[in-house]
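Secondary and tertiary structure notes
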Amino acid sequence: ATKEKPFITFVLGGPGSGKGTQCARIVETFGLTHLSAGDLLRREIASNSADGSTILSTIKEGKIVPSEITIKLLQKEMETCDSSKFLIDGFPRCEENRIAFEQIIGAEPNIVLFFDCPEEEMVKRVLNRNQGRVDDNIDTIKKRLKVFEALNRPVINYYSDKGKLYKINAVGTEDEIFKQVHPIFAVYEA
Ligand code: UP5
Ligand code: MG
């Protein structure tokens, strides 16, 4: 069966910038399908799949998992789910991820959200999270921040140049941040 053309939103921002939290709000209000690349990768580790050990060692180092692994997981979710409106959270993390997604999936995002948050706030949030993530320690957080600045910035700039980027001030209460996010999706409901 041919699927209708997907509506894809990429959700970008540094570690702890609030991507997952705001995606939950978007799902609640607008009913899109949330695909967190990090959650899909952590699920692979937990299921002891063939790629699990590669994924675990990469995440511990705050580095980026090979594109083909992440895209395979995203593709499977996109193909098996009924929805055609996706919030892809935490991906693409680098230009190579972005280009590989375009080639393999054959689609570009309709819009891109960027949660802009100062580093000290991101560090505070991640250290307070307490969900037992292997990468939520100060050494790995520093590495994640470096990788974000060096490799995710070019992706953000690419979508900004294409006029697809919505930059959101990620400091404030969850409600204050969602007030900025809401109108971006509300226009499609009209
Ligand atoms: N919080 C949220 N909003 C708040 C607010 N307004 N005020 C105060 N506190 C707020 O939030 C983080 C914490 O802050 C939570 O405790 C929350 O309650 C609180 P969250 O919404 O979880 O932030 P998020 O941006 O989702 O942070 P996360 O740590 O998940 O971001 P990362 O991008 O670091 O993590 P991700 O899971 O995407 O990736 C993890 C690793 O997987 C990567 O480092 C990488 O190694 C690997 N990966 C890949 O290799 N490729 C991929 O494509 C994806 C991941
Ligand atoms: Mg997250």
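Read on for a plain summary of the structure. (Residues numbered from 1 in each chain as written. Chains lettered and ligands numbered in written order. Predicted model: local features only at pLDDT ≥ 70, side-chain atom pairs only at ≥ 80, totals over all residues. Heavy atoms only, no water.)

Considerations on the site of ligand 1
Defined as follows: Working definition: residue near molecule or strand if any one of its non-hydrogen atoms lies within 4 Å of it. Pairing of N or O atoms within 3.5 Å defines a polar contact, subject to two protein rules: one partner must be a possible hydrogen donor and the other a possible acceptor, and residues neighboring in sequence count only if both atoms are side-chain atoms. Definitions used throughout: a 1 Å grid over protein atoms alone; a cavity as a set of points that fits a 1.4 Å probe which cannot get out; a pocket as an open set with protein on both sides within 12 Å along at least five of seven lines; a lining residue as one with an atom within 4 Å of a point. Any molecule with more than half of its atoms within 2 Å of a cavity's or pocket's grid points is counted as sitting in it. Secondary structure is summarised from DSSP: a helix means a run of H or I of at least four residues, a strand means a run of E of at least two, and numbering begins at the N terminus for each. Only Asp, Glu, Lys and Arg are considered charged in this grouping, and only Ala, Val, Leu, Ile, Met, Phe, Trp, Tyr, Cys and Pro are considered nonpolar; every other residue, Gly among them, is considered polar.
Neighbouring ligand 1 are 29 residues; T21, K63, V65, R93 and R144 lie closest to it. V65 is positioned such that a nitrogen or oxygen atom in its backbone is 2.7 Å from an oxygen atom of ligand 1. Between an oxygen atom of ligand 1 and a main-chain N or O atom of G90, the distance comes to 3.4 Å. According to the grid-proximity analysis, the pocket containing ligand 1 is the largest pocket. For the shell around ligand 1, the secondary structure elements donating two or more residues are α1 (19-30), α2 (37-46), α6 (119-129) and α8 (174-189). Of the residues contributing to the shell around ligand 1, the split by class is 8 nonpolar, 11 polar and 10 charged.

Points about the pattern of salt bridges
Applicable threshold: Every case where a carboxyl oxygen of Asp or Glu lies within 4 Å of a side-chain nitrogen of Lys or Arg is listed as a salt bridge. The classification of residues rests on relative accessible area computed with a 1.4 Å probe and restricted to protein chains. Under 20% of the type maximum is buried, over 50% is exposed, and intermediate values are partly exposed.
Per the counting criterion, the structure on display carries 17 salt bridges. R25 is paired through a salt bridge with D175; the nearest N and O atoms lie 3.0 Å apart. Of this pair, R25 sits in helix α1 while D175 sits in helix α8, placing them 150 residues apart in sequence. Judged by relative accessible area, which is 19%, R25 ranks as buried. Note on D175: relative accessible area 46%, which makes it partly exposed. Taken together, the salt bridges that share partners define one network made up of R129, R133, D135, D136 and R144.

Points about the nonpolar core
This is how it is decided: To qualify as a nonpolar core, a set must consist of buried Ala, Val, Leu, Ile, Met, Phe, Trp, Tyr and Cys residues joined through side-chain atoms within 4.5 Å. Between two residues, a contact is recorded if the distance between any of their heavy atoms is within 4.5 Å.
In terms of nonpolar packing, the biggest core is built from 28 residues, with F10, I88, F91 and F101 touching the most fellow members. Going through the elements one at a time, β1 (7-13), α2, α3 (52-60), α4 (67-80), β3 (85-89), α5 (95-105), β4 (111-116) and α7 (138-161) are the ones with two or more residues in this core. Ranked by the residues each element gives to this core, the list is headed by α4, at 5 residues. Setting aside anything within four residues of it in sequence, one finds F101 in contact with I8, F10, I71, L74, M78, I88, F91, G106 and A107. Listed in part, the 23 residues of the second largest apolar core include I111, L113, I168 and I184.

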